[in-house]
Number of protein chains: 2
Amino acid sequence: MLERRRARRRVTSEDVASQAGVSRSAVSRTFTPGASVSQETRDRVLRAAKELGYRRNALARSLTTNSTDLIAVVMGYLSSQYEPYFFGRLTARLQRMHKRALLVHVDDSDEVGVPLLEALSYPVEGAIVAAGSISPETAEECMRLGIPLVLSGRAIEADGVDAVCCDNFRGAQLAAEALVNAKHKRIAYIGGKATIQAEVERSAGVRDGLAAHGLSLFAEERGDFSFESGYRTALTLLRADQPPDAIFCCNDAMAMGAMDAARHTVGLAVPDDVSIIGFDDIPMAAWPGFNLTTLRNPVDEAVDNILDLLQRRIERPNLPPVIRRIRPVMVRRGSAKLAQL
Amino acid sequence: MLERRRARRRVTSEDVASQAGVSRSAVSRTFTPGASVSQETRDRVLRAAKELGYRRNALARSLTTNSTDLIAVVMGYLSSQYEPYFFGRLTARLQRMHKRALLVHVDDSDEVGVPLLEALSYPVEGAIVAAGSISPETAEECMRLGIPLVLSGRAIEADGVDAVCCDNFRGAQLAAEALVNAKHKRIAYIGGKATIQAEVERSAGVRDGLAAHGLSLFAEERGDFSFESGYRTALTLLRADQPPDAIFCCNDAMAMGAMDAARHTVGLAVPDDVSIIGFDDIPMAAWPGFNLTTLRNPVDEAVDNILDLLQRRIERPNLPPVIRRIRPVMVRRGSAKLAQL
DNA sequence: CTGAAAGCGCTTACAG
DNA sequence: CTGAAAGCGCTTACAG
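Cut-offs used in this document
Residues numbered from 1 in each chain as written. Chains lettered and ligands numbered in written order. Predicted model: local features only at pLDDT ≥ 70, side-chain atom pairs only at ≥ 80, totals over all residues. Heavy atoms only, no water. Near = heavy atom within 4 Å. Polar contact = N/O pair within 3.5 Å; in protein donor to acceptor, adjacent residues only side chain to side chain. Helix = DSSP H or I, 4+ residues; strand = E, 2+ residues; numbered from the N terminus. Pairing = 2+ DSSP bridges. Axes fitted to C-alpha atoms, helices over the stretch in contact; angles between N-to-C directions. Contact = heavy atoms within 4.5 Å. Least-squares fit on C-alpha atoms with pLDDT ≥ 70 in both. Nonpolar A, V, L, I, M, F, W, Y, C, P; charged D, E, K, R; others polar.

Considerations on the protein's contact with DNA strand D
Next, step 1: Near DNA strand D there are 25 residues, and of these Ser36(A), Thr41(A), Ser13(B), Arg24(B) and Ser28(B) occur at the shortest range.
Next, step 2: Of all DNA strand D atoms lying within 4 Å of any protein atom, the proportion belonging to sugar or phosphate reaches 62%.
Next, step 3: A distance of 2.7 Å separates a phosphate oxygen of DNA strand D from a polar side-chain atom of Arg56(B).
Next, step 4: Arg61(B) places a side-chain nitrogen or oxygen 2.8 Å from a phosphate oxygen of DNA strand D.
Next, step 5: Of all the secondary-structure elements, those providing two or more residues to the surface near DNA strand D are helix 3 (24-30) and helix 5 (58-65) of chain A together with helix 3 (24-30) and helix 5 (58-65) of chain B.
Next, step 6: Ranked by the residues each element gives to the surface near DNA strand D, the list is headed by helix 5 of chain B, at five residues.

What follows is the structure, given as C-alpha cells:
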C-alpha cells in the first residue's frame with residue numbers, strides 16, 4: 001500500500017536532497033550544466049536521483065528560468081498528402097532543437113483564434129501556424145501576449161508575425177511556360193478552394209504565364225484540393241466537345257485524380273492525349289502509377305526557414321515582419337509532354 | 001521603450017489583482033468555475049483582466065492543482081498513409097477532451113525510450129505510443145514515474161500498460177477465406193518488415209486461413225510497407241513462370257504498389273488476371289484508380305479505445321493491464337474477384 | 001464573500 | 001563549493 005502511494009507521487013528535488021544528505025540547491029546544481037558542485041556532491045546526488053527515479057519537473061523549472069522550450073504548433077486533420085510530410089519533418093527538427101511541440105488542432109478551414117489562444121495559457125515560447133486561417137485580431141492578441149508567431153503557407157500583414165510560403169505565383173508561371181513551350185494549345189486549370197492563399201496565387205500565376213505568350217485559360221474548374229474533386233472536375237473538362245490538351249492542377253492530389261479520370265474513366269492516354277501537371281511534389285507523385293510532373297514545394301527548406309524565423313523573433317521580438325518565399329522547382333516526370341531543356 | 005518591456009513580461013494575477021483593487025485569491029476564484037466570488041468582484045477582475053490581456057499560466061496553475069491536461073504522444077514521420085489519418089483523429093479527440101498533446105518524435109523503428117523519457121520531465125498525465133517500439137524497461141520506467149501508458153498498434157506485457165491493436169490475425173484470416181471461397185488457387189503474400197507486430201500477426205493469419213482449407217501460401221515476398229516495395233516485390237511474383245492468381249498484401253500502400261506493377265508494368269488486369277487485397281483501408285484505397293478491396297482497420301474505434309483506456313488508468317492506476325483488439329471488417333471493392341455474399 | 005499565508009517544485013543571487 | 005532564503009505564478013485551506 002505504501003509502495004503504491006509512493007509510486008503515485010512524483011519524486012522531487014527535496015526527496016533527492018534528503019536521500020543524498022545535501023541541500024536542494026545542490027540537487028539543482030548537479031542538473032544544471034556549468035553550475036559549480038564538487039564531484040563528490042554530484043555523485044551522491046546522481047546516485048540518490050537514480051535510486052529514487054528522479055526527473056526534474058520541467059514546468060516548475062520553467063517558472064524560475066522563464067524558458068519552457070514549448071512551441072505551439074497548429075495543425076489540422078493532415079488530410080492532404082502534403083501536410084503529414086511537412087508535419088513529420090517539422091516535429092523532427094523541433095525535437096532536434098530541444099523544443100517540444102504542443103499541438104493545437106483546428107478543423108481545416110476554421111479560424112485558429114479560440115483553440116490557439118487557449119493553448120497559449122501554456123507559456124509557449126512561440127507558435128507555428130500550419131493549418132486553419134488566422135485573423136489579424138488573433139495575430140494581434142498573440143503579439144500582446146508576447147508570443148512570436150510564424151505562419152506556414154499563409155501570410156498576413158501584422159507586426160511581429162513572420163511567414164514562409166512557397167512562391168506559388170512563380171511556380172504556376174513555370175507550369176504555364178513549360179506547357180506553352182511544348183506547344184499545348186488548350187490549357188485548362190483545376191483550382192482549389194478560392195479562400196486558400198495557395199489557390200489565389202497559383203491561379204494568378206498560371207494566367208500570368210499564359211498571358212505572357214498571348215494566351216489565356218482554355219477552360220477552368222474548381223475543386224477542393226481532394227483527389228475526388230480532381231477526378232470529378234477533370235471528367236467535366238475531358239468530356240467536353242473540345243477537351244483541353246493540358247491540365248494544370250492546383251495541387252498533386254487533384255492532378256492524380258485528373259490522371260485517374262483521364263486514364264481509367266475517359267480512356268485517354270497521359271501524356272499523349274492530355275498533359276497533366278500538379279503542384280507540391282508529394283512523395284506519392286513519384287509512384288510509378290502516377291509519375292507526375294509537378295512543381296516541388298520544398299519541405300525541408302520551408303521547415304528550415306520557419307524555425308529560423310521563429311528563433312530570430314524569439315531573440316529579437318521587435319524586428320520588422322518578414323515573409324520568406326520559397327522557390328518551387330519543376331520536377332519533370334512522365335505526365336506531361338514538355339519540350340527538351 | 002516602456003511599452004516594449006511591458007509587452008514582453010507576461011501579465012500575472014498579481015497585476016490583475018492590483019489593477020482591480022482585489023487580492024490574488026479573488027482573481028484566481030473568478031477564473032475557477034464554481035468558486036465563490038461576488039458578482040461585483042468578478043466583474044472588476046474580468047474587466048481588469050481584459051484590459052491587461054491576462055491569461056492564467058497553466059503551468060503555474062498545474063503546480064498546485066497537480067493536473068496539467070498534458071498527454072505525451074509519440075509519433076514518427078507519418079510516412080505511411082495510415083498514420084496521418086489516425087493521428088489527425090487522435091489529436092482532434094484529445095483536444096475535444098481538453099487535453100493537450102505534447103509531441104514526441106521518434107524515427108520510425110527506434111526504441112522510444114530516450115525521447116519519451118525526456119518528454120516526461122514535463123509532468124504529463126499519460127502517454128500514448130503510436131510509433132517506434134517500446135522496450136519493457138522503458139515501460140517499467142514510465143510505471144515508476146507513475147505515467148500511464150497506452151500503446152497503439154503494438155502490445156507488450158507489462159504492468160500498468162494498456163494497448164489497443166487491430167485484430168490482425170483475424171483480418172488476414174478473413175482475406176484468406178474470401179480468396180479461397182472465390183476459387184483462387186495460387187495465393188501469394190507480400191509481407192512487411194518482420195519486426196513489426198502487424199506483419200507477424202497478419203502473416204500468421206493468412207497462413208492459418210489458408211490451412212483451414214488445406215492450402216498454403218503459393219509464394220511469398222517481403223517488403224517494408226512502402227508503395228515502392230509493394231511494386232517491386234509484386235513484379236517478382238508476377239513475372240515468375242507461374243504467377244499467383246491472388247496477392248494479399250500486409251498493408252494498403254504495398255497493395256497499391258502491387259496493383260501498379262500488375263497494370264502498368266506487367267500488363268495484367270486487376271482483378272481479372274490477379275486479385276489484390278490490402279489491409280487498413282486508408283482513404284486512398286477508395287480512390288477510383290485503386291478501388292482497393294481491403295480490411296478496414298477502424299481508426300475511430302481505435303482512437304476511442306485508446307482514450308478510454310487512458311482515462312481509466314489515470315483514474316485507477318492499479319488496474320490489471322488490458323489489450324483491446326479491434327475487429328477489422330472486409331471492405332469489398334473492385335481489386336479482387338470474390339464470391340457473392 | 002474575502003484576503004493573508006502557506007505551499008506546489010524548482011532556481012538563483014547571496015553570504016559564508 | 002555550499003545551504004538558507006526568496007521568488008517564479010498560481011491555488012487553497014483557514015480565519016474572518
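Section: the sheet that holds strand 8 (residues 246-249) of chain A
All names here are of chain A.
Next, step 1: Spatial strand order, 7-6-8-9-10-12: six strands in an open sheet with mixed pairing. The sheet terminates laterally at strand 7 (219-222) and strand 12 (329-331), the two strands that pair on one side only. Neighbour to neighbour, the strand axes of the sheet diverge by 20° on average, direction disregarded.
Next, step 2: Note that strand 6 (residues 187-191) and strand 7 share four bridges and pair parallel. In the strand pairing of strand 7, Ala188 is matched with Ala219.
Next, step 3: Packed on one face of the sheet, helix 9 (residues 168-181) meets strand 6, strand 8, strand 9 (275-280), strand 10 (293-296) and strand 12 and runs near 165° to strand 9.

Brief notes about the relation of the copies chain B and chain A
Next, step 1: In screw terms, the move from chain B to chain A is a rotation of 180° and a rise of 0.0 Å along the axis, fitting with an RMSD of 0.0 Å. The operation mapping one copy onto its partner corresponds to a two-fold rotation axis. By C-alpha distance to the rotation axis, the residue of chain B lying nearest is Leu102(B), at 2.4 Å.
Next, step 2: Taken as a fraction of all interface residues of chain B, those also at the interface in chain A reach 100%, which identifies the copy contact as same-surface.

Brief notes about the protein's contact with DNA strand C
Next, step 1: Close to DNA strand C lie 25 residues, the nearest being Ser13(A), Arg24(A), Arg29(B), Ser36(B) and Thr41(B).
Next, step 2: Among the atoms of DNA strand C close to the protein, meaning within 4 Å, 63% are from sugar or phosphate groups.
Next, step 3: Between a base oxygen of DNA strand C and a side-chain N or O atom of Ser25(A), the distance comes to 3.3 Å.
Next, step 4: Here Arg29(A) contributes a side-chain N or O atom positioned 3.0 Å from a base nitrogen of DNA strand C.
Next, step 5: The set of elements that each furnish at least two residues to the surface near DNA strand C consists of helix 3 and helix 5 of chain A together with helix 3 and helix 5 of chain B.
Next, step 6: The element that contributes the greatest number of residues to the surface near DNA strand C is helix 5 of chain A, accounting for five residues.
Next, step 7: Classifying every residue of the surface near DNA strand C gives seven nonpolar, 13 polar and five charged.

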